[in-house]
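Descriptive analysis of the structure
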Amino acid sequence: MKDNPRSEQALLAQNEALRARLEETEEALRAIRTGEVDSLVENAAAGPRIFALQGLDAQSNRLRGELLAQVSDAIFVVDEERRLTYLNEAAEGLYGVSTGEVVGLPVTRLFQRRWLHPEDDGIATAALRETGRWRGELIHVVRGGGAIPVETSVTRLRDADGKDSGQIAVVRDITQRLAAERELRKLSLAVEQSPESIVITDLEGRIDYVNEGFVQTTGYSREDVIGRNPRILQSGHTPPETYSALWDALDGGRSWKGEFYNRRKDGSEYVEFATVTPLYQPDGSISHYVAVKEDITQRKR
C-alpha cells in the first residue's frame, strides 16, 4: 500500500505546529520567570494554556522578576481560582517541582495544608478578607508525604480596577529554627532546674538572670537582684586577692574558678565554689558573664 502524500504532508505540518507551540510555551515560561512579561493561564480542554502579555512597564517587571528569583524564601502566586501563575527558584526547590509542570494547575499540586490548630484556617480566611494580609505557621505536606513546617505570609492581590486578582505567598521553611528552639528549651529547662546557682551579668556587672537554684541558695527572689550587682552577696570575708584574680582573668577573656564567702538574705553565711566565664558573640566580642556556683559549705566544714 502506497503512502498518501497528502496525509504525510498533513502529519508533518501538525508536528511542526506542535513544535512551534512547545517552543512558544517554553519561551513564555522563561519570560514569566524573569519578569519580562506578565502571564495569563487558561484551563482549556487539552490542558492549561499559557499566554504572555507584554507589560507596559517591562523594565519594572524584569527587575521585579530578578529580585524575586534571588529571594531565598519560596514565593508563588495564584489567581482567583487558586491556580499557580508564578514560582521562583526557591519555591521550585522547596516543593520539588519545575515551573513548567505546575503553572496553570491548582496550588494543591505543590502541597496540602495541615493547620496547627483547627481554628487557624478560619482565622487566616478572615484576615485575608478583612485586611488583605495573613501571616502564620502551618505544615505543608508535599508530594511523597513529606511534612515541612513553614512560616507563611500571604497578601491579597488587586488588579488596576481594584478587583481581587489572586494572592502572593512568601513561604519560609522553619525546620531548622524549630529544631534550634527545641534545643534552647531543653537548655533553658536544664539551667532552670539545675541545683547550682547560675547567674548571668552584663559587662557592667548588673544581673540579667538568675535561676531557681540561686533563689533557693541565697534566699533572694529574682525581683530582689535583677539589675543589681552580685556584690549584694558579699560577706566581707572573701580575700581581696580573690576578686583581683577574678577580674584579671575576665579582663583577659579567660574563665576563672575560685571560692566566695557570701551571705544569704537572712544573714547566714555560706561558701560557694564558682566558675565564671565570658560569653562571646559571633563577632568575637564579649556580651555577658555567666557564673555557675555550688554551695560547698558542708564540704568545707
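Residues numbered from 1 in each chain as written. Predicted model: local features only at pLDDT ≥ 70, side-chain atom pairs only at ≥ 80, totals over all residues. Heavy atoms only, no water.

**Regarding the sheet that holds strand E9 (residues 197-202)**
Selection criterion: Strands were regarded as paired on the criterion that DSSP finds at least two bridges between them. Only runs of H or I of at least four residues qualify as helices and only runs of E of at least two qualify as strands under DSSP, and these elements are numbered from the N terminus. Lines fitted to the C-alpha atoms define the axes, with helices restricted to the stretch that makes contact. Angles between their N-to-C directions range from 0 to 180 degrees.
Spatially, the five strands line up as an open sheet ordered E10-E9-E13-E12-E11, and their pairing is antiparallel. Every interior strand has two partners, whereas the edge strands, strand E10 (207-210) and strand E11 (256-263), have only one. The sheet shows a mean angle of 30° between the axes of neighbouring strands, taken without regard to direction. As paired strands, E9 and strand E13 (residues 286-295) are joined by six bridges and run antiparallel to one another.

**Digging into helix H5 (residues 120-130)**
Applied cut-off: Only protein chains enter the accessibility calculation, which uses a 1.4 Å probe; a residue is then buried when its area is under 20% of its type maximum, exposed when over 50%, and partly exposed in between. Between two residues, a contact is recorded if the distance between any of their heavy atoms is within 4.5 Å.
Within the sequence span of H5, burial applies to Asp120, Ala124, Ala126, Ala127 and Leu128. Buried positions along H5 lie against strand E6 (133-142), strand E7 (147-158) and strand E8 (164-173).

**Points about the nonpolar core**
Selection rule: By nonpolar core we mean a set of buried residues, namely Ala, Val, Leu, Ile, Met, Phe, Trp, Tyr and Cys, connected to one another through side-chain atoms within 4.5 Å.
Counting 25 residues, the largest nonpolar core has Phe76, Leu84, Leu87, Tyr95, Leu110 and Val171 as the members making the most contacts within it. Taken together, the elements giving at least two residues each to this core come down to strand E3 (74-78), strand E4 (84-87), helix H3 (89-95), H5, E6, E7 and E8. Phe214, Val225, Phe260 and Ala291 belong to the second-largest nonpolar core, a separate cluster that totals 17 residues.

**Let's talk about the environment of Thr108**
With respect to the helices, strands and loops of the structure, Thr108 is situated in the loop between helix H4 (99-102) and strand E5 (111-114). On the basis of relative accessible area, Thr108 is assigned to the partly exposed category, the value being 43%. Considered as a pair, Thr108 and Val142 are 34 residues apart in the sequence and their alpha carbons are 9.0 Å apart.

**Thoughts on the sheet that holds E7**
Taken together, six strands build an open sheet; the order of strands is E4-E3-E8-E7-E6-E5 and the sheet is antiparallel. In the strand order of this sheet, the two ends are held by E4 and E5, each with one partner. Across the sheet, the mean angle separating the axes of adjacent strands is 35° when strand polarity is ignored. In this sheet, E8 lies alongside E3 in antiparallel orientation, the contact comprising five bridges. Residue pairing for E8: Val77 is matched across the bridge by Ile168. Set on the sheet, H5 makes contact with E5, E6, E7 and E8; between it and E6 the angle comes to about 135°. Across the face of the sheet, helix H6 (residues 175-193) comes into contact with E6, E7 and E8 while running at roughly 125° to E7.

**Description of the confidence of the model for the protein chain**
Close inspection of predicted coordinates is inappropriate in any region flagged by low pLDDT. Note the threshold: pLDDT: the predictor's confidence for each residue, scored from 0 to 100.
Mean pLDDT over the protein chain works out to 83, with 76% of the residues at or above the 70 mark. Contacts for the low-pLDDT stretch residues 39-60, under 50 throughout, to residues beyond four places or in other chains number 42 contacts.

**Topic: the packing of aromatic side chains**
The cut-off we apply is this: Under the pairing criterion, centres of Phe, Tyr and Trp rings, with the six-membered ring standing for Trp, must be within 6.5 Å; the plane angle then separates stacked pairs below 30 degrees from edge-to-face pairs above 60, leaving the rest tilted.
Under the defined criterion, the tally for this structure stands at seven aromatic pairs. Among the aromatic residues, those joined into a cluster by ring pairs are Phe76, Tyr95 and Phe111.

**Side note on the pairing of E3**
Strand residues, when the strand is regular, have side chains that alternate between the two faces of the sheet. Counting buried residues in E3 gives five out of five residues, a clear majority hidden from the surface. Both faces of E3 are covered, namely the face carrying Ala74, Phe76 and Val78 and the face carrying Ile75 and Val77. Where E3 lies against E4, three bridges are found, and the strand directions are antiparallel. What sits directly across from Val77, in E4, is Tyr86. In this structure, the hairpin formed by E3 and E4 is closed by a connection of five residues, where Arg82 is found at a positive phi of approximately 60°.

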